[in-house]
Amino acid sequence: MSVNSPNARSNLRKSWLDITAITAWGILLLKYAIDGTLYILIHPSYYLLVTVTGVCLLLIGIFQSWRLYRGNIASSLELHSSLLPQGLTTMLLLGTAIAGLIITPKLFTSQAAVQRGISSDAVTVTRSQPQSFRAAVKPESKTLVDWVRTLNNYPEPDAYLGQKVNINGFVFYPKDLPANYLMLSRFVITCCAADAYPVALPVKFIGTRQNYPQDSWFQVKGKAIVETFSGSRQLVIEASEIKSIPTPKNPYQE
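Residues numbered from 1 in each chain as written. Predicted model: local features only at pLDDT ≥ 70, side-chain atom pairs only at ≥ 80, totals over all residues. Heavy atoms only, no water.

Enquirer: Can you walk me through the overall build of the chain in this structure?
Expert: Each helix and strand in the chain was counted, giving 6 helices and 5 strands. Looking at the chain residue by residue over its 254 residues, the buried ones come to 43%. Across the chain, every contact between residues at least 6 apart in sequence was considered, and the portion connecting residues at least 24 apart equals 71%. (Helix = DSSP H or I, 4+ residues; strand = E, 2+ residues; numbered from the N terminus. Buried < 20%, exposed > 50% of the residue type's maximum accessible area, 1.4 Å probe, protein only. Contact = heavy atoms within 4.5 Å.)

Structure follows, in structure tokens:
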């Protein structure tokens, strides 16, 4: 096939389009890995895989560009059919990569927590009589997620009465929450942001809500008490200290 024929020129344009799409995705994945965006998009177990994929895509794009630039047209004309789907699909892939480079993904906030089903009775209990229970980890060493998982396994709040608490999270205020309470929340991620779900614990504080703006991150120290929300007895953190902290680099893990 002559490189000057209409079909050859069309295939060459498609090859450059495919190369651009591959390179753009490599750059996007590496950008997310370098600037920390991966922390809010996927589980840490996949960081290395995504980073290596970004490197591979970028190297493929550079190598194929070099082949075309050096005039090895004949071996590159089939690139559009061997590496990526043709036409519109390639344009969509390229457009998505460009959008990812322009638009910065945002961290989940209280609005997302409410949309995904969290409320003031996020942690409930099923038994009325306390039973003996021993924690394997010191209470003050538990994260918010650890506390919620412990309560899911043993949901009797009296078993934790008086235990020290030291947790971090962002604040939100459900509509039915009394004025001197806030919900301290975090998102838990299994694979990627699409499956992230919120967990929260109620915190009883002294002062006004203006001191603890919604969606701001705080460290809460205090002790576990038991109160009733929406007709259910549950664990509540009675705060002795609430300190503002910066949004963590990795909001899903602590």
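Enquirer: Got a minute to help me understand the sheet that holds strand β5 (residues 232-244) in this structure?
Expert: Taken together, the 5 strands give a closed barrel; going around it, the order is β1-β2-β3-β5-β4, and neighbouring strands pair in mixed fashion. Strand-to-strand twist across the sheet, computed as the mean angle between neighbouring axes with direction ignored, equals 60°. When strand β2 (residues 181-188) meets strand β3 (residues 197-204), the two strands line up antiparallel, connected through 8 bridges. Directly across from Leu-184, in β3, lies its bridge partner Leu-201. Contacts from helix α6 (residues 144-153) reach β1 (164-172), β2, β3 and β5 within the one sheet, and its direction differs from that of β3 by about 95°. (Pairing = 2+ DSSP bridges. Axes fitted to C-alpha atoms, helices over the stretch in contact; angles between N-to-C directions.)

Enquirer: Quick question: what am I supposed to make of the packing of aromatic side chains here?
Expert: For any two aromatic rings, the description comes down to two numbers: the centre-to-centre distance and the angle of the planes. In total, this model carries 8 aromatic pairs according to the counting rule given. When the ring of Tyr-39 is compared with that of Tyr-47, the centres are 4.9 Å apart and the planes differ by 80°; the resulting orientation is edge-to-face. With relative accessibility at 23%, the residue Tyr-39 sits in the partly exposed group. Considering the side-chain rings of Trp-147 and Tyr-160, the 5.9 Å spacing of their centres and the 75° angle between planes classify their relative orientation as edge-to-face. A residue pair is termed long-range when its members are at least 10 positions apart, and Trp-147 in helix α6 and Tyr-160 in the loop between α6 and β1 qualify at 13 residues. With respect to class, Trp-147 is no different from Tyr-160; both count as buried. Of the aromatic side chains, those joined through ring pairs into one cluster are Trp-147, Tyr-154 and Tyr-160. (Phe/Tyr/Trp six-rings, centres within 6.5 Å; stacked < 30°, edge-to-face > 60°.)

Enquirer: What's the story with the side chain of Arg-186 in this structure? I'm lost.
Expert: As for its position among the elements, Arg-186 is in strand β2. Relative accessible area serves as the criterion here: at 3%, Arg-186 is assigned to the buried category. At a separation of 3.1 Å, a polar atom in the side chain of Arg-186 contacts the main-chain carbonyl oxygen of Pro-251. (Polar contact = N/O pair within 3.5 Å; in protein donor to acceptor, adjacent residues only side chain to side chain.)

Enquirer: Please clarify how a nonpolar patch on the surface should be interpreted in this entry.
Expert: On the surface, Ile-27, Ile-98, Leu-101, Ile-102 and Ile-103 cluster together into a nonpolar patch covering about 460 Å² of accessible area. Here the nonpolar patch takes 3 residues from helix α4 (residues 88-102), the largest share from any one element. Mapped onto the elements of the fold, Ile-103 is located in the loop between α4 and α5 (110-115). (Patch = residues over 30% accessible without salt bridge, like charges linked within 9 Å, V, L, I, M, F, W, Y side chains within 5 Å. Areas by Shrake-Rupley, 256 points an atom, 1.4 Å probe, with all protein chains shown as cover. Salt bridge = Lys/Arg side-chain N within 4 Å of Asp/Glu carboxyl O.)

Enquirer: In this structure, what is going on with unusual backbone geometry? I would like to understand it.
Expert: Backbone geometry follows two general trends: most residues other than glycine have a negative phi, and most peptide bonds adopt the trans configuration. Positive phi, close to 75°, is recorded for Asp-215, a residue that is not glycine. Along the chain, the position of Asp-215 falls in the loop between β3 and β4 (217-229). When its relative accessible area of 31% is taken as the criterion, Asp-215 is described as partly exposed.

Enquirer: Explain the nonpolar core here, please?
Expert: Inside soluble globular proteins, nonpolar side chains tend to come together where they are buried. Core analysis: the largest hydrophobic core is formed by 34 residues, its most contacted members being Ile-167 and Leu-182. Apart from the residues within four sequence positions on either side, Ile-167 is in contact with Lys-142, Thr-143, Leu-144, Trp-147, Leu-184, Leu-201, Phe-218, Gln-219, Val-220 and Ile-237. Ranked by size, the runner-up nonpolar core spans 11 residues in total, among them Leu-29, Ile-42, Val-50 and Leu-94. (Core = buried A, V, L, I, M, F, W, Y, C linked by side-chain atoms within 4.5 Å.)

Enquirer: Can you walk me through helix α2 (residues 47-69) in this structure?
Expert: Three- or four-residue spacings in an α-helix give side chains the same orientation, since the helix completes a turn every 3.6 residues. Between the first and last C-alpha of α2 there are 33 Å, a value that for 23 residues agrees with the 33 Å anticipated at 1.5 Å per step. If you check which residues of α2 are buried, you get Tyr-47, Val-50, Gly-54, Gly-61, Gln-64, Arg-67 and Leu-68. (Expected span 1.5 Å × (residues − 1).)

Enquirer: Is there a simple way to explain the environment of Leu-41 in this structure?
Expert: Positionally, Leu-41 belongs in the loop between α1 (6-35) and α2. Residue classification places Leu-41 among the partly exposed residues on the basis of a relative accessible area of 24%. The spacing of Leu-41 and Leu-107 is 66 residues in sequence and 8.8 Å in space, taken between C-alpha atoms. Leaving out residues up to four positions away in the same chain, Leu-41 has contacts with Tyr-32, Pro-105, Ile-189, Cys-192, Ala-193 and Tyr-252.

Enquirer: Looking at this model, I keep getting lost on the pairing of β3. Mind explaining?
Expert: Two faces belong to every sheet, and in a regular strand the side chains alternate between them. Of all 8 residues in β3, 6 are buried, a share of seventy percent or more. Bridge count for β3 against β5 is 2 bridges, and the pairing is parallel. Within β5, the residue paired with Val-203 across the bridge is Ile-237.

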